[in-house]
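# Examining the three-dimensional arrangement
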Amino acid sequence: MDNNKPNRSGLFATGGTLTGLFAVIGASCCILPIILVNLGVSSAIVSHLGFFARFRPWFMALTICLVIGGFIYAYRGGRRPSRKVLVFLILAGILAVGSTVLPYYEGNIQRWLNL
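Residues numbered from 1 in each chain as written. Predicted model: local features only at pLDDT ≥ 70, side-chain atom pairs only at ≥ 80, totals over all residues. Heavy atoms only, no water.

### Structural notes on the environment of S99
Among the secondary structure elements, S99 is positioned in helix α6 (residues 83-113). Contacts of S99, omitting those with residues within four sequence positions, involve A23, V24, A27, R56 and M60. Engagement of the side chain of S99 in a polar contact is seen with the backbone oxygen of A96, the distance being 3.0 Å. (Helix = DSSP H or I, 4+ residues; strand = E, 2+ residues; numbered from the N terminus. Contact = heavy atoms within 4.5 Å. Polar contact = N/O pair within 3.5 Å; in protein donor to acceptor, adjacent residues only side chain to side chain.)

### Here we look at the packing of helix α1 (residues 8-27) against helix α5 (residues 56-75)
The N-to-C vectors of α1 and α5 enclose an angle of 155°; their axes lie 8 Å apart at closest approach. One element, α1, and the other, α5, form an angle in the roughly antiparallel class. Crossing angle aside, the handedness with which α1 passes α5 is left-handed. Along its contact with α1, which presents R8, S9, F12, G15, G16, T19, G20, F22, A23, G26 and A27, the element α5 presents R56, F59, M60, L62, T63, L66, V67, G69, G70, Y73 and A74. Tallied by class, the residues present in the contact of α1 with α5 amount to 11 nonpolar, 9 polar and 2 charged. (Axes fitted to C-alpha atoms, helices over the stretch in contact; angles between N-to-C directions. Parallel < 35°, antiparallel > 145°, perpendicular 65-115°, else oblique. Left-handed = near helix turned anticlockwise from the far one by under 90°. Nonpolar A, V, L, I, M, F, W, Y, C, P; charged D, E, K, R; others polar.)

### What to know about α6
With 31 residues, α6 extends just 35 Å between its outermost C-alpha atoms, more than 12% less than the 45 Å of an ideal straight helix rising 1.5 Å per residue. Its maximal kink placed at Y105, α6 deviates by approximately 60°. Those residues of α6 lying buried are V85, L89, A92, L95, A96, S99, L102 and E106. Contact partners of the buried residues in α6: α1, α2 (31-38) and α5. (Expected span 1.5 Å × (residues − 1). Bend = angle between axes of the 7 residues up to and from the residue. Buried < 20%, exposed > 50% of the residue type's maximum accessible area, 1.4 Å probe, protein only.)

### A closer look at the packing of aromatic side chains
Overall, the coordinates contain 8 aromatic pairs when judged by the stated rule. Both rings, one in F22 and one in F52, keep their centres 5.0 Å apart while their planes meet at 35°; by these two values the pair is tilted. In this pair, F22 is assigned in helix α1 and F52 in helix α4 (residues 50-54), connecting sequence segments 30 residues apart. Accessibility expressed as a relative area gives 24% for F22, which makes it partly exposed. A relative accessible area of 16% means that F52 is categorised as buried. Centre to centre, the rings of F51 and F52 are 5.4 Å apart; their planes meet at 75°, and the pair counts as edge-to-face. A relative accessible area of 38% means that F51 is categorised as partly exposed. (Phe/Tyr/Trp six-rings, centres within 6.5 Å; stacked < 30°, edge-to-face > 60°.)

### What to know about the side chain of T63
In this structure, T63 sits in helix α5. Of the residues examined, T63 reaches a relative accessible area of 0% and is grouped as buried. Here the side chain of T63 touches T19 through a polar contact of 2.8 Å, side chain to side chain. Sequence-distant contacts of T63, defined by excluding residues within four places in its chain, comprise G16, T19, G20, A92 and A96.

And the structure:
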């Protein structure tokens, strides 16, 4: 890779992981605030998590686009991505799947945590 070109796969991987994390925060609209308040985090801070819940579909779409773009740039031209880029891309994919599945299991998680 030419040193003058930016590492786009790394940018896509990092961005995908970050937006995947935002999507998971948005998907856990009931459990995460309760856990954070029980851990002593200020309820004023927890109240701002509603932003992530409102824009969860946008974060999900952006995560999927960034992960796909990251894989395309990472493997383009027969290259192999660095281990760090591959870990971030896989983590972003897991976060995207988690934020899709989490709302369906929130009731079970609440019962498990006895909340």
